[in-house]
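Each chain, written out:
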Amino acid sequence: MTTPFLQIRGLRKTYDQVVAIDQVSLDIKQGEFMTFLGPSGSGKSTTLYIVAGFQEPTEGQVLLNGKSLLDVAPNKRNIGMVFQRYTLFPHLTVGENVAFPLRVRRRPESEVKAKVAKMLELVHLAEYRDRLPGQLSGGQQQRVAIARALAYDPPLLLMDEPLSALDKKLREEIQFELRRIHQETGVTILYVTHDQEEALRLSDRIAVFSQGRIEQVGTGEELYEHPSSRFVAGFIGNSNFLPVKVEQMGGGRARAIFPNGQAVEGDARAFAAGSEGTLMVRPEKMRIRPHAASARGLAVTVRDMTYLGDSMHFAVQTPWEQELAVRMAVGDGQGLCIGSSAVLEWDAQHGHVFA
Amino acid sequence: MLLDYDRLGGWRWGLVAIGSAVMLFLLLPIVFIAALSFGDSQWLVFPPPGWTTQWYQQLLTDPVWVNALLTSAKVAVMVTLLSVVLGLLAALGLARSRFFGKSALQAFFLTPMVLPVVVLAVALYAFFLKLGLTGTLTGFVIGHLIIALPFSIITIGNSLQSFDSALEDAAMICGAGPLEVKWRVTLPAIRLGLFAAAIFSFLISWDEVVLSIFMASPTLQTLPVLIWSTLRQDLTPVIASASTLLVAFTVLLMLLASFLKKGSRQ
Ligand SMILES: Nc1ncnc2c1ncn2[C@@H]1O[C@H](COP(=O)(O)OP(=O)(O)OP(=O)(O)O)[C@@H](O)[C@H]1O
Ligand SMILES: [Mg+2]
């Protein structure tokens, strides 16, 4: 087997008593867009900074093409980085900012010129070459920062919430540009965000961080369709969590019962029979039918209906008085009204049982 | 505001009068000296019966005065250089690191500001006498440096504080080594602070008299010392012209400093 492009092996970082990250391991393929997604304080930046070299891990190893990165000084790692804060050099023009890494590398003037022109072309800012950073908008500054980080063709580009200071519209615009730049340059990107939508839009794969550990790694679809924990399910997309008691395990599936005694099935990892758990079902995987005629399904009462244009949103109440969210196509809710009793169903494969 | 100048009505003229009086009181001696330096009366009669530049000619041809002027300039330039370089190193050390006793060191660096200069002068005099440094250029430079350094450290430290150290991280990841980061990014970013520190240091040395009196020897003295010692012997308009030069140069540098400050705000 070939060695992975970037290997993060058992990283641990502690500050005095605080454990910032623990047992963080991850393989990243060349050209991959990998996103670290997680709530504030979950250790995303710490992991990124260890790869960049601003911090040293307490334990663990980082290998690039099989060679240790930790032994290399940060300025010799040849990694590109874009920061959350604007970090263009205020006394240099846009062009000189992009030229900076090349000047530091003592590249010939002709090459510097050509490269700066090419990079500014890449981020669509060619006509801003002679401006100072202070004369640019936040979005333009971050694009220049991307150009600067890519000017020396680094094999790896690190980005720590580069768009979090921008408004929504600008953010989406640059996300689009980022995808294009990633495709055009083929650079491997490690991207940090706590915005799940941004992660889904940009990434080939997403590593979900929680409390200093990686909860799950996978494509957006994998994380959404097959979350491995209640945390991941709750963090990506909307979800309903129903309390269950697991009765029986087998073949990656669990048989469980609801508080009202009704039986249900769902995907599950290893579970001890008899233990308490949670069944997760996405709102759009659920269906409501008007009559309590069907034996299958959960008897519920419709509490609220909202017309959302492309879909209908329902709030329904279970026999144990829990409110659930259901989303259906507009035509599918025929014959339902607030206060009516109905039956709630979903396909067994869309139910996931977590501890 | 409760006391708005625009709403004071008739009272504002009273305020203007008081302000003007205070300003005149402060500035008049300087105007007086400047006028005398151009007056042709040997006995410093005011108002001068006629006008002349002979005192300036005398000042600039008398080797004693010229030497003092040169010494002042030499000392001030050396103090400026050393104060900015050492101030920068100290400020960098204090701003960028955490170590045991840092705040104590910080306070220690600033003690010359609060210590009465005459106390410092006596102590240095006794010490330098042992080392044979009194009456030498080195003695002057070290003495002035001690007084100027705290101002440099504070000024440069302030500009380092408003400088985002993420810029240094960015430069480093771009491939710049530690020294190159400082040279290409940090120093340009805090250059106004460095200029301000230089101007303050120069002025402190240029106007310093207490310490200088202790350091001076009959053959080596700065302009303020010579003014002071000449004044004790006889009253000549040359003193007025030397003083005027001293003030003129100081004002020039102050203007430059305020100009820089304005520039930094834009
Ligand atoms: N210098 C430090 N000293 C002590 N604790 C720290 C330090 N830096 C980070 N931590 C802790 O390490 C943990 C992980 O921090 P990190 O910055 O990696 O989080 P993050 O996932 O990037 O969060 P955010 O989304 O807010 O940027 C946090 O609990 C934080 O408080
Ligand atoms: Mg962070």
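From a predicted model like this one, the values you see are computed outputs, not experimental measurements. (Residues numbered from 1 in each chain as written. Chains lettered and ligands numbered in written order. Predicted model: local features only at pLDDT ≥ 70, side-chain atom pairs only at ≥ 80, totals over all residues. Heavy atoms only, no water.)

### Examining the overall build of chain B
Within chain B, the secondary structure is distributed over 12 helices and 0 strands. In sequence order, chain B lays out its α and β elements as α-α-α-α-α-α-α-α-α-α-α-α. Taking the principal axes of its C-alpha atoms as reference, chain B extends roughly 70 × 65 × 30 Å. Looking at chain B as a whole, 39% of its 266 residues are labelled buried. Roughly 15,300 Å² of accessible area belongs to chain B as shown, and the carbon and sulfur atoms make up 73% of that amount. Looking at charge distribution, chain B has the averaged site of its 14 positive side-chain charges lying 8 Å from that of its 11 negative ones. (Helix = DSSP H or I, 4+ residues; strand = E, 2+ residues; numbered from the N terminus. Buried < 20%, exposed > 50% of the residue type's maximum accessible area, 1.4 Å probe, protein only. Areas by Shrake-Rupley, 256 points an atom, 1.4 Å probe, with all protein chains shown as cover. Lys, Arg positive; Asp, Glu negative; His and termini not counted. Charge placed at Lys NZ, Arg CZ, Asp CG, Glu CD.)

### Concerning the sheet that holds strand β11 (residues 240–250) of chain A
Residues and elements named next belong to chain A. Taking strand neighbours around the barrel as the criterion, the 5 strands line up as β11-β12-β13-β20-β14 in a closed arrangement whose pairing is mixed. This sheet shows a mean twist of 55° between the axes of neighbouring strands, independent of strand direction. As judged from the 6 bridges shared by β11 and strand β14 (residues 276–281), these two strands associate in the antiparallel manner. Counted as the bridge partner of K245 is E276 from β14. (Pairing = 2+ DSSP bridges. Axes fitted to C-alpha atoms, helices over the stretch in contact; angles between N-to-C directions.)

### Concerning the site of ligand 1
Residues and elements named next belong to chain A. Residues in contact with ligand 1, as listed here, are Y15, A20, P39, S40, G41, S42, G43, K44, S45, T46, E161 and H194. The contact in question runs from an oxygen atom of ligand 1 to an N or O atom on the side chain of S40, over 2.5 Å. One of the side-chain nitrogen or oxygen atoms of T46 is found 2.4 Å away from an oxygen atom of ligand 1. Look at ligand 1: alone it shows 640 Å² of surface, and the protein chains cover 62% of it. By residue number, the principal contributor to the shell around ligand 1 is helix α1 (residues 44–52), which donates 3 residues. (Near = heavy atom within 4 Å. Polar contact = N/O pair within 3.5 Å; in protein donor to acceptor, adjacent residues only side chain to side chain.)

### Observations concerning the sheet that holds strand β5 (residues 67–68) of chain A
Residue and element names in this part refer to chain A. What the 4 strands build is an open sheet, ordered β2-β1-β4-β5; its pairing is antiparallel. Two strands close off the open sheet at either side, each with one partner strand: β2 (18–28) and β5. Along the sheet face, α1 touches β1 (6–15), β2 and β4 (59–64) and points at about 115° away from the line of β1. (Contact = heavy atoms within 4.5 Å.)

### Some details on the nonpolar core
Residue and element names in this part refer to chain A. Formed by 51 residues in total, the largest nonpolar core has its most connected members in L6, F36, V51, F100, L158 and L190. In this view, F36 contacts I8, L26, K44, T47, L48, L190, Y191, V192, T193, A207 and F209; residues no more than four positions away in its chain are not counted. Membership of the second largest hydrophobic core comes to 35 residues, among which are V98, L178, I181 and V187. (Core = buried A, V, L, I, M, F, W, Y, C linked by side-chain atoms within 4.5 Å.)

### Here's the deal with the domain arrangement of chain A
Residue and element names in this part refer to chain A. Domain annotation of chain A identifies domain 1 (6–231) and domain 2 (238–354). For domain 1 and domain 2, the distance between their C-alpha centroids amounts to 40 Å. Roughly 840 Å² of surface becomes buried between domain 1 and domain 2 when both sides are summed, with 48% attributable to carbon and sulfur atoms. The largest contributions to the domain 1 side of the interface with domain 2 come from Y224, P227 and R230, which together make up 64% of the buried area. At the boundary of domain 1 and domain 2, one finds 1 salt bridge. Of the charged contacts, one joins K285 and E225 as a salt bridge, the two residues approaching to 3.5 Å between their closest N and O atoms. Linking domain 1 to domain 2 there are 4 residue pairs in polar contact (both at pLDDT 80 or more). Take the side of domain 1 that touches domain 2: its biggest share by element is 3 residues, from helix α7 (residues 220–225). Looking at the side of domain 1 that touches domain 2, its residues break down into 3 nonpolar, 3 polar and 2 charged. (Domains from an automatic or database assignment. Buried area = accessible area lost by both parts, 1.4 Å probe. Salt bridge = Lys/Arg side-chain N within 4 Å of Asp/Glu carboxyl O. Nonpolar A, V, L, I, M, F, W, Y, C, P; charged D, E, K, R; others polar.)

### Quick word on the packing of aromatic side chains
Each aromatic ring pair is specified by the distance between its two centres and by the angle formed by the two planes. Residues and elements named next belong to chain A. On inspection of all chains with the given rule, the structure shows 14 aromatic pairs over all chains. Measuring from ring centre to ring centre gives 5.6 Å for F231 and F235, while their planes differ by 15°; the resulting arrangement is stacked. Of this pair, F231 and F235 both sit in helix α8 (residues 230–235), separated by 4 residues, roughly a single helical turn. Take F231: its relative accessible area is 26%, and that puts it in the partly exposed class. (Phe/Tyr/Trp six-rings, centres within 6.5 Å; stacked < 30°, edge-to-face > 60°.)

### Details of the pairing of strand β17 (residues 312–317) of chain A
All names here are of chain A. Among the 6 residues in β17, 5 count as buried, and that is most of the element. What sits between the antiparallel neighbours strand β16 (residues 298–307) and β17 is a turn of 4 residues, in which G309 has the positive phi angle 85°. Note that β17 and strand β18 (residues 323–328) share 6 bridges and pair antiparallel. From the neighbouring strand, Q317 faces β18, where its bridge partner is E323. Linking two consecutive strands that pair antiparallel, namely β17 and β18, is a turn of 5 residues; a positive phi of about 60° is found at E321 within it.

### Focus on the interface of chain A and chain B
With 22 residues of chain A at the contact, the number on the chain B side is 17 residues. Contact with chain B buries area across many residues of chain A, yet N75, H91 and F100 of chain A alone supply 30% of it, more than any other trio. Our count for the contact surface shared by chain A and chain B stands at 2 salt bridges. Residue R85 of chain A is joined to D164 of chain B by a salt bridge in which the shortest nitrogen-to-oxygen separation is 3.0 Å. In this structure, the connection of chain A to chain B is made through 5 residue pairs in polar contact (both at pLDDT 80 or more).

### Focus: the UniProt feature "domain: ABC transmembrane type-1" (unreviewed entry) in chain B
Residues given the UniProt feature "domain: ABC transmembrane type-1" (unreviewed entry) here are residues 69–257 of chain B. Helix makes up 83% of residues 69–257 of chain B and strand makes up 0%, while its end C-alpha atoms are separated by 22 Å. (UniProt positions renumbered as here; feature names shortened; annotations may be inferred.)

### Looking at the environment of V66 of chain B
Residue and element names in this part refer to chain B. Checked against the element boundaries, V66 lands in helix α3 (residues 63–96). On the accessibility criterion, V66 (24% relative accessible area) is partly exposed. On a C-alpha basis, the gap between V66 and L223 in space is 8.8 Å, while along the polypeptide they are 157 residues apart. Each residue touching V66, except ones within four places of it in the same chain, is listed here: L59, L60 and T61.

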